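# Analysis of the macromolecular model
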Amino acid sequence: MHEMSLMGDILQLVHEDAAAKGIGRIEKVEIIVGEISNAMPDALRMAFAIFREQNPDLFSEAAELVIHLEEAKAECVLCGRQYKPDQKIALCPSCQIPSGKVITGETFQVLSYEGSNRQ
Amino acid sequence: MKVTLRTDVLTNNNKAADFNRELFQNSKTLVINLMSSPGAGKTTLLEETVRELSGNYRIAVIEGDLATERDADRIRAMGAKAVQINTHGGCHLDARMVAAALAEFDLDEIDLLFIENVGNLVCPSGYDLGQHHKVAVLSVPEGNDKIPKYPQMFMRTELVLLNKIDLLPYLDFNVGEAKKDLTEINPQSMLIPVSARTQEGLYEWFAWIEGAYLKCVQQ
Ligand SMILES: Nc1nc2c(ncn2[C@@H]2O[C@H](COP(=O)(O)OP(=O)(O)OP(=O)(O)O)[C@@H](O)[C@H]2O)c(=O)[nH]1
Ligand SMILES: [Mg+2]
Ligand SMILES: [Zn+2]
């Protein structure tokens, strides 16, 4: 997996925005990670810790990463049943045919960040 | 101070993908992103594709690998233009790398562009490169469990080339089961059984490409 590079993308978005708004060191970053988004929360936490340690000028020492997990959900277009998609993502458990569409769980977003105002 | 962004993590990749997409549309170049685990036969399939279609189409290939020019050299030996991207440890191609490689082509002179992604059944699926179609290659020796084990790849591709069917007599791979598993993940996806070795089934892949090309130029 490539969580280091994903965290690089996340922090680039945060730092660009912070620089434009004149915000100094980052104290908190909140992200939304969908269950089937291809990103692994634990690896993201580890990547965040590494970036924080390597860039003490950009992060406060206690800077934290908050991950909001988005549950995966699919809905059958025939019977309307919502279910948790496992391996057989499209298979509706009621109709037993592949009539389901993923409705949540693919999100991978930077939700917000907090930083100190630059003096 | 708290700032709400609600921005997709891959925003920058998606911008580069949109940039590529516009170039492809303007030049009427059909672009296919080929993905598979290492060794499924992407390069061999592309060699056969170049051999068959280069009489009627101007073909180019972008090769993504961790290291070496080997795959690009194999394509060049077939007489098509090829640019190698080395990701140096990166497990997938991103749209920026493709945008940089495009500078080496005159897209107006290219009808079909194939992008061979880094051999990996997980990471490449999440990255839009600006392509028209995502195609997965699965090979018989990998076993039936790969489709259900990697649903995030197969939910995002619209065609699976099941390669190395010349080996079916020696292995316990079940083609019917693979089709069923695929339908349960992605009912829109097609599956074409092929062998790049014996050429079996390849005509169906070539016909699929020609159909996609017609659609692309008519847009
Ligand atoms: N028996 C058989 N072997 C095949 C077939 N297609 C490819 N091969 C062999 O499989 C091996 C790997 O093929 P490649 O085309 O290099 O695979 P690839 O997907 O490009 O591999 P990477 O670029 O390393 O991910 C080679 O030894 C090919 O000769 C096939 O249809 N049948
Ligand atoms: Mg190859
Ligand atoms: Zn149903």
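Values in this document were obtained by computation on a predicted structure and should not be read as measured data.

Right, let's talk about the UniProt feature "binding site: Zn(2+)" (unreviewed entry) in chain A for a bit. Residues and elements named next belong to chain A. Residues given the UniProt feature "binding site: Zn(2+)" (unreviewed entry) here are Cys76, Cys79, Cys92 and Cys95. For this annotated set, covering 20 residues, all C-alpha atoms fall within 8.7 Å of each other, a compact arrangement in space. Mapping cysteine 76 onto the fold places it in strand β3 (residues 73-76). If you trace the backbone, cysteine 92 turns up in the loop between β4 (82-83) and β5 (100-104). On the basis of relative accessibility, which here comes to 0%, the residue cysteine 92 falls in the buried class. Residues within four places of cysteine 92 in sequence aside, it is in contact with Cys76, Cys79, Tyr83, Ile97 and Ser99.

Coordination of the zinc ion (ligand 3) by the protein is provided by Cys76(A) (SG), Cys79(A) (SG), Cys92(A) (SG) and Cys95(A) (SG), with metal-donor distances spanning 2.2 to 2.4 Å. Each of the 4 donor atoms bound to the zinc ion (ligand 3) contributes to angles spanning 104 to 117°, and the resulting shape is tetrahedral.

Residues and elements named next belong to chain B. With 5 of 5 residues buried, strand β5 (residues 112-116) lies mostly within the body of the structure. Burial of the side chains of β5 extends over both faces: Leu112, Phe114 and Glu116 are buried on one face and Leu113 and Ile115 on the other. With 5 bridges joining them, strand β3 (residues 59-65) and β5 adopt parallel strand pairing. The residue of β5 that forms the bridge with valine 61 is phenylalanine 114.

Let us look at helix α3 (residues 70-77) of chain B. Residue and element names in this part refer to chain B. By the burial criterion, the buried members of α3 are Asp71, Ala72 and Ile75. One side of α3 holds all its buried residues, which, seen down the axis, span an arc of 100°. Exposed side of α3, more than 90 degrees from the buried face: Arg70 and Ala77 are the residues found there. Where α3 is buried, its residues contact α2 (42-53), β3, β4 (81-86) and β5. Looking at the residues trailing α3, positive phi occurs at glycine 79, about 95°.

Turning next to the sheet that holds β4(A). Residue and element names in this part refer to chain A. The strand order across the open sheet built from 3 strands is β4-β3-β5, with neighbouring strands paired in antiparallel fashion. Two strands lie at the open edges of the sheet, namely β4 and β5, each paired on one side alone. Two elements, β3 and β5, share 4 bridges in a ladder whose sense is antiparallel. Each residue of the ladder has a partner; that of alanine 74, found in β5, is valine 102.

Attention now moves to the interface of chain B and chain A. At the junction of the two partners, chain B supplies 29 residues and chain A supplies 35 residues. Of the roughly 2800 Å² buried at the junction of chain B and chain A (both faces included), carbon and sulfur atoms supply 57%. Remark: the boundary between chain B and chain A carries 3 salt bridges. Taking the shortest distance from any N to any O, the salt bridge between Glu106(A) and Arg156(B) comes out at 3.4 Å. The interface formed by chain B and chain A contains 17 residue pairs in polar contact (both at pLDDT 80 or more). Looking at the side of chain B that touches chain A, the elements that each hand over two or more residues are β1 (2-8), α1 (11-27), α6 (151-154) and α7 (175-185) of chain B. When the residues that make up the side of chain B that touches chain A are grouped by side-chain class, the tally is 14 nonpolar, 10 polar and 5 charged. As paired strands, strand β6 (residues 108-117) of chain A and β1(B) are joined by 5 bridges and run antiparallel to one another. From the neighbouring strand, Gln109(A) faces β1(B), where its bridge partner is Asp8(B).

On to the UniProt feature "binding site: Ni(2+)" (unreviewed entry) in chain A. This chain's UniProt record puts "binding site: Ni(2+)" (unreviewed entry) on His2(A). Its location among the elements puts His2(A) in the segment before α1 (3-21). Not counting residues up to four positions away in its chain, the partners in contact with His2(A) are Cys91(B), His92(B), Cys123(B) and Tyr127(B).

Cut-offs applied
- Residues numbered from 1 in each chain as written.
- Chains lettered and ligands numbered in written order.
- Predicted model: local features only at pLDDT ≥ 70, side-chain atom pairs only at ≥ 80, totals over all residues.
- Heavy atoms only, no water.
- UniProt positions renumbered as here; feature names shortened; annotations may be inferred.
- Helix = DSSP H or I, 4+ residues; strand = E, 2+ residues; numbered from the N terminus.
- Buried < 20%, exposed > 50% of the residue type's maximum accessible area, 1.4 Å probe, protein only.
- Contact = heavy atoms within 4.5 Å.
- Donors = N, O, S within 2.8 Å, 3.2 Å for Na, K, Ca; no water.
- Tetrahedral: all angles 85-135°; square planar, octahedral: opposite > 155°, others 65-115°.
- Pairing = 2+ DSSP bridges.
- Arc of directions from axis to C-beta.
- Buried area = accessible area lost by both parts, 1.4 Å probe.
- Salt bridge = Lys/Arg side-chain N within 4 Å of Asp/Glu carboxyl O.
- Polar contact = N/O pair within 3.5 Å; in protein donor to acceptor, adjacent residues only side chain to side chain.
- Nonpolar A, V, L, I, M, F, W, Y, C, P; charged D, E, K, R; others polar.

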